[in-house]
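Commentary on secondary and tertiary structure
Spelled out from the first residue to the last, the chains are:
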Amino acid sequence: MISMAGAAGLAARTAATPGAGHSTVTPPVTVLSFYGQPWWMILLKVVAIFAFLMLMTLFAIWAERRLIGRMQQRPGPNRAGPFGLLQSLMDGIKLPLKEDIVPRGVDKLLFWLAPAIALVPAFISFAIIPFGPEVSIFGVQTPLQLTDLPVAVLLVLAMSSIGVYGIVLAGWASASPYSLLGGLRSSAQVVSYEIAMGLSFVAVFLYAGSLSTSAIVQAQAHGNEFHVGGLTLHYPSWYAVLLFPSFFIYLITMVGETNRLPFDLPEGEGELVGGFHTEYSSLKFALFYLAEYINMTTVAALATTLFLGGWRAVWPITIWSGANTGWWPLLWFLAKVLILLFCFVWLRGTLPRIRYDQLMSFGWKVLIPVSLTWILMIATIRVWRQHGGSTPVYIVGGALLGALLLLAWAGDVAAERRRQAEAGAAAPGFPVPPMDLPHYHGVGVPASPGGSAVDPEAVPRAGIKEVTGA
């Protein structure tokens, strides 16, 4: 049986297609397109998304190790299978078979639940990502998307907020100071960067007029027309071009949200051994590892959907009339996602880990104020255009706003330099320990386990026994 909403959706799609389905024009995907789908189609999409994310994780791990090996002039994995392609699969089989060690004193319930809490939201977030337009699968017209909602993008933000609970609970339940510090770092980092991420979406919502992912992709289909030499051309329609500051801010925050270099402070091995997953092993560690790479794929797919036109082809491929129909859009979507995943690897192989105070300062003092200023400007422009504003006014207003931001930034930099100069005058130079302390030469070090310390003034300099540490 089909519900009333499902019948309405089917009727709307039939009416949108001239000739009762005999036309080659594909109607745009809307929320109504997902009503009336048979149960087996929904199950098929769930299985397909699960398989895609698992395969993408295996490929991403292999590609990351190969690319970083190339950057560091070493081969990377090259033994298991051709070009080492089976290395990730072998690691995935090995991890569950290793000994599962549970330290004494842990909160076992939370210790076991934490990996699942980190992993499940990563899978759920991918449900609203559109892979392509409507296609025919076993004779049923269906969008290449599991589902859509009027507030679909908010689902991703909600799931990312829930996913951090897995990291926080892992640190709390491990009863280890290193794990606890990693969990606390992650919670503060996600709060800071998720605010900036949510603000980067606001400009997209203002331009698209919707929070539905399929509607946002449709809004990037064609830019406004203009004529040059008798040719009809279009302005850029991707929000990565129209709303570049929002796109740039999102690229930064998506790295912080996934705890990747240079923002991987929650698992900084130089300070916290392994961070929040220090005490985890075997399958539970593998689940954290899997959640990280699925989150990378999700944020890359969301960037593709909101800023890079989604599954729509790039110019000049769009000259071909069939570029955005059938199964071809799936190829364009995957190409964009893989390019963004390559950026993750590139950053890891290029940038060092920043300090935690730099991480927090950058999130609260730079990303959030810039996002708020940009949203204010975009909202003003949208209202002005609705009331017939002119383009020169936009240019002058944007120049003035840019000048104000530049002056504010220059003032902040000057104030910081004055503070550093004052601190340098009070305590010149970075505190470096002396290179020739007395105990380096054995002065004050007991000569035997039961002996007493040597008085530096009582022992002649020539009789000092040097301690080399060898």
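Let us look at the structure shown here. (Residues numbered from 1 in each chain as written. Predicted model: local features only at pLDDT ≥ 70, side-chain atom pairs only at ≥ 80, totals over all residues. Heavy atoms only, no water.)

Topic: the overall build of the chain
The cut-off we apply is this: To qualify as a helix, a DSSP run of H or I must reach at least 4 residues; to qualify as a strand, a run of E must reach at least 2; elements of each kind are numbered from the N terminus. Note on classification: 1.4 Å probe, protein chains only; a residue is buried when its accessible area is under 20% of the maximum for its type, exposed when over 50%, partly exposed between these limits. By definition in these notes, contact holds between two residues if any of their heavy atoms fall within 4.5 Å. Method for areas: the Shrake-Rupley scheme with a 1.4 Å probe, in which residue coverage is limited to the protein chains shown.
Check the secondary structure of the chain and you find 14 helices and 4 strands. For the chain, the proportion of its 470 residues judged to be buried stands at 40%. A fraction of 73% describes how many contacts in the chain between residues 6 or more apart in sequence connect residues 24 or more apart. Total accessible area on the chain stands at roughly 26,000 Å², and carbon and sulfur atoms take up 70% of it.

Focus on helix α12 (residues 328-350)
Our working definition: By this rule, a helix spans an expected 1.5 Å times one less than how many residues it contains.
Spanning 23 residues, α12 covers 34 Å between terminal C-alpha atoms, matching the ideal 33 Å at 1.5 Å per step. The secondary structure elements touched by the buried residues of α12 are α2 (39-71), β1 (132-137), α9 (244-257) and α11 (282-307).

Structural notes on the pattern of salt bridges
Side chains carrying opposite charge are able to pair once their charged atoms draw close together. Our working rule: For this document, the term salt bridge refers to a Lys or Arg side-chain nitrogen within 4 Å of an Asp or Glu carboxyl oxygen.
Here the structure, examined in full by the defined rule, presents 9 salt bridges. Across the salt bridge formed by D100 and K284, the nearest N and O atoms sit 2.6 Å from each other. Residue D100 is found in the loop between α3 (87-97) and α4 (108-125), and its partner K284 is found in helix α11; the two are separated by 184 residues along the sequence. A residue is classified by how much of its surface remains accessible, and D100, at 34% relative accessible area, is partly exposed. The class for K284 is buried, based on a relative accessible area of 5%. With a shortest N-O distance of 2.4 Å, R419 and E416 are connected by a salt bridge. Taken together, the residues span about one helical turn, with R419 and E416 both in helix α14 (residues 391-426) at a distance of 3 residues. Where salt bridges share partners, they join E64, R260, E292 and R348 into one cluster.

Some details on the nonpolar core
The tendency in soluble globular proteins is for nonpolar side chains to be buried as a group. Inclusion rule: Residues belong to a common nonpolar core when they are buried Ala, Val, Leu, Ile, Met, Phe, Trp, Tyr or Cys residues joined through side-chain atoms within 4.5 Å.
Membership of the largest hydrophobic core comes to 81 residues, with the highest contact counts inside it found for F126, F201, I216, Y250 and F307. Broken down by element, the residue count for this core peaks at 13 residues, all from α11.

With respect to the packing of aromatic side chains
Put simply, the rule is: Aromatic pairing here means that ring centres of Phe, Tyr or Trp (its six-membered ring) are within 6.5 Å. Orientation follows from the plane angle: under 30 degrees is stacked, over 60 is edge-to-face, and everything else is tilted. Here, a charge over a ring is recorded when the distance from Lys NZ or Arg CZ to the ring centre is within 6 Å and its angle to the ring normal is within 35 degrees.
Evaluated as defined, the whole model comprises 22 aromatic pairs. Ring centres of Y193 and F263 lie 5.4 Å apart, and the angle between their planes is 45 degrees; this geometry places the pair in the tilted category. With Y193 in helix α6 (residues 177-208) and F263 in the loop between α9 and α10 (269-272), this residue pair connects regions lying 70 residues apart in the sequence. Owing to a relative accessible area of 0%, Y193 belongs among the buried residues under this scheme. Here a set of aromatic residues connected by ring pairs shows up, and it is made of F201, F205, F247, Y250 and F307. Its end group placed over the ring of W112, K284 keeps NZ or CZ at 4.2 Å from the ring centre. The ring of Y207 carries R382 above its face, with NZ or CZ at 4.5 Å from the centroid.

Quick word on the environment of Y193
To keep it simple, the criterion reads: Counted as a polar contact is a pair of N or O atoms within 3.5 Å, where, for protein atoms, one must be capable of donating a hydrogen and the other of accepting one, and residues adjacent in sequence contribute only when both atoms are in side chains.
Along the primary structure Y193 and I252 are separated by 59 residues, whereas in three dimensions their C-alpha atoms are 8.7 Å apart. For Y193, the contacting residues outside a window of four places in its chain are I252, T253, E257, F263, L359, F362, G363 and L367. Among the polar contacts made by the side chain of Y193, one reaches the main-chain carbonyl oxygen of L359 at a distance of 3.0 Å.

A few points about a nonpolar patch on the surface
For clarity, the threshold we go by: What goes into a patch is any residue over 30% in relative accessible area without a salt bridge, connected to like charges within 9 Å or, for nonpolar side chains (Val, Leu, Ile, Met, Phe, Trp, Tyr), within 5 Å.
Together, F83, L85, L86, L89, M90, I93 and L97 give the surface a local cluster of nonpolar side chains, amounting to about 690 Å² of exposed area. Its place among the elements puts L89 in helix α3.

Digging into the packing of α4 against α11
Going by this rule: Simply put, an axis is a line fit to the C-alpha atoms, just over the touching stretch for a helix, and the angle between two N-to-C directions goes from 0 to 180 degrees. Oblique is the label for any angle not covered by the other classes, which are roughly parallel (under 35 degrees), roughly antiparallel (over 145) and roughly perpendicular (65 to 115). Should the near helix be turned anticlockwise from the far one by less than a right angle, the crossing is left-handed, and should it be turned clockwise, the crossing is right-handed. Each residue gets one label: Ala, Val, Leu, Ile, Met, Phe, Trp, Tyr, Cys and Pro are nonpolar, Asp, Glu, Lys and Arg are charged, and the others, such as Gly, are polar.
The geometry of α4 relative to α11 is characterised by a closest axis approach of 9 Å and an angle of 20 degrees between their N-to-C directions. Viewed along their axes, α4 and α11 adopt a mutual orientation that is roughly parallel. Here the hand of the crossing between α4 and α11 comes out left-handed. Where α4 approaches α11, its residues F111, W112, A114, P115, A118, L119, A122, F123 and S125 are matched on the opposing element by K284, L287, F288, L290, A291, I294, N295 and T298. Among the residues making up the contact of α4 with α11, the classes are represented as 13 nonpolar, 3 polar and 1 charged.

Details of unusual backbone geometry
The omega angle of the peptide bond from L261 to P262 is 5 degrees, so this bond is cis rather than trans. Tracing the chain through its elements places P262 in the loop between α9 and α10. Look at N259: it is not a glycine, yet its phi comes out positive at around 55 degrees. Inspection of the secondary structure puts N259 in the loop between α9 and α10. Positioned with a positive phi, S282 is a non-glycine residue whose angle comes to about 55 degrees. Positionally, S282 belongs in helix α11. Exposure remark for S282: the relative accessible area of 7% places this residue in the buried category.

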